[in-house]
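Fold and contact review
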Amino acid sequence: MNQNLVNMGNTSTKEASERTNSSPSPIWTPEHSDDESDDDMSTLAMKTKKQRHSSIESMAKIGDIAKQNINQAIHASRETASQYKVKAREYIHEKRESAKWQLYEARDQLEKTKIKLQKIANKIDFAWWMTACNFSSSIVGAAYFANLISLRRNIEGEIIIFVVKFAAEIYYGQLKKDPLLLVHHASAIAMFQFGYSYWETVGFHVPLYNTIHFPLLFYNARNMYPEKTHKNHILAQKLFLWTWLPVCFMRLGTSLSALSTPMPMHVHLGALSIPILDYMWTPWHRYRRMIDGHPWVKTLKKKGRSQEAG
């Protein structure tokens, strides 16, 4: 077996040598080698130039695209900024207008509050004046009924009080709110004039008519406390309701007495107007509420409802 391996090796060696001898070997010359190297260099240079040119073109294209993108981004940002500016201006304008309107409303509300407070202050001031006048009239009337002053002095005192009340009503604008006061004052002037002229015969009607100032004392005292829940307001309201109707009935009898007495026509008209004004100025809704709130009335209403249900 070793001999076979040796023979196979010799055979292969011979074949290789034969191939080598049979293939022609190229002849190398210096000129041929330089030409090939120049061609390779020129080819490489051309390739490099082409690659450089293509890279330059690609870089230029990339630069152009980048410039376009940058310009587009700048343009978009400018448009966005201009839109935001417009929106900001509109927003600021709206806020300014809203602030202006709020300021105008606040000023208007402040003016309304001032007017309201001024009205309350005027009402309280007027109530003080009327309370003082009605208190003075009540004192003068009580002095007459107690025989402390004469009828003539009573009428003179009532005339002075009437002038003060009339001036206060003009100053605080009460005649515009209640034109019936003019009718009342006309009647009072007629009664004062005739009563003062014939005070010995018919002058006694004047202090009887002026007893209405006693319940009005509580009415005006009530107005000095604008809060309806104030205890003094509630007390004065009750005293006014308890005294108003009895005095009105007495004034009705006084008017009937005056109408049956020979007097001038204008005095009779004044005597007739007084009970009519008392009826118109009577707070009937308050009396109805006071009657409905009485325990007896509530008990009767409950019994009536139970009988109807039964």
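Residues numbered from 1 in each chain as written. Predicted model: local features only at pLDDT ≥ 70, side-chain atom pairs only at ≥ 80, totals over all residues. Heavy atoms only, no water.

**Overview of the packing of helix α5 (residues 180-197) against helix α9 (residues 265-281)**
Test applied: In this analysis, axes come from line fits to C-alpha atoms, helices being fitted only over the stretch in contact, and the angle between any two N-to-C directions falls in the range 0 to 180 degrees. Numbered from the N terminus, helices here are DSSP runs of H or I no shorter than four residues, and strands are runs of E no shorter than two. Note on angle classes: values under 35 degrees are labelled roughly parallel, values over 145 roughly antiparallel, values of 65 to 115 roughly perpendicular, and the remainder oblique. In this scheme the handedness of a crossing depends on how the near helix is turned from the far one: anticlockwise by less than a right angle means left-handed, clockwise means right-handed. Any two residues whose heavy atoms approach within 4.5 Å are treated as being in contact. Side-chain classes follow a simple rule in which Ala, Val, Leu, Ile, Met, Phe, Trp, Tyr, Cys and Pro form the nonpolar group, Asp, Glu, Lys and Arg form the charged group, and the remainder, Gly included, forms the polar group.
It is the contact of α5 with α9, at a shortest axis distance of 9 Å, that shows an interaxial angle of 140 degrees. Considered as vectors, α5 and α9 are oriented oblique to each other. Of the two possible hands of crossing, α5 and α9 adopt the one that is left-handed. Contacts from Leu180, Leu181, Val183, His184, Ser187, Ala190, Met191, Gln193 and Phe194 in α5 reach His266, Val267, Gly270, Ser273, Ile274, Leu277, Met280 and Trp281 in α9. Broken down by class, the residue content of the contact of α5 with α9 amounts to 11 nonpolar, six polar and no charged.

**Points about unusual backbone geometry**
Of note, the phi angle at asparagine 147 is positive, near 60 degrees, even though the residue is not glycine. Tracing the backbone through its elements, the reader meets asparagine 147 in the loop between α2 (30-145) and α3 (151-171).

**Description of the side chain of threonine 211**
Note the threshold: Buried residues are those whose accessible area, probed at 1.4 Å on protein chains only, stays under 20% of the maximum for their type, while exposed residues exceed 50% and partly exposed ones sit between those limits. Here a polar contact is recorded for every N or O atom pair within 3.5 Å, except that within protein the pair must consist of a potential hydrogen donor and a potential acceptor, and residues adjacent in sequence are included only if both atoms are side-chain atoms.
Within the secondary structure, threonine 211 is located in the loop between α6 (205-209) and α7 (213-223). On the basis of relative accessibility, which here comes to 16%, the residue threonine 211 falls in the buried class. Only 2.5 Å separates the side chain of threonine 211 from the backbone oxygen of leucine 208, close enough to count as a polar contact. Excluding residues within four positions of it along the chain, threonine 211 makes contact with Phe145, Val247 and Met250.

**Some words on the confidence of the model for the protein**
Operational definition: Scored from 0 to 100, pLDDT reflects the predictor's confidence in each residue.
Residues with a pLDDT of 70 or more make up 85% of the protein, whose mean pLDDT is 81. Across residues 1-10 the pLDDT falls below 50, and counting only partners more than four positions away or on other chains, this stretch makes zero contacts in the model. Below a pLDDT of 50 lies the segment residues 12-32, which in the model reaches one contact outside its immediate sequence neighbourhood of four places, other chains included.

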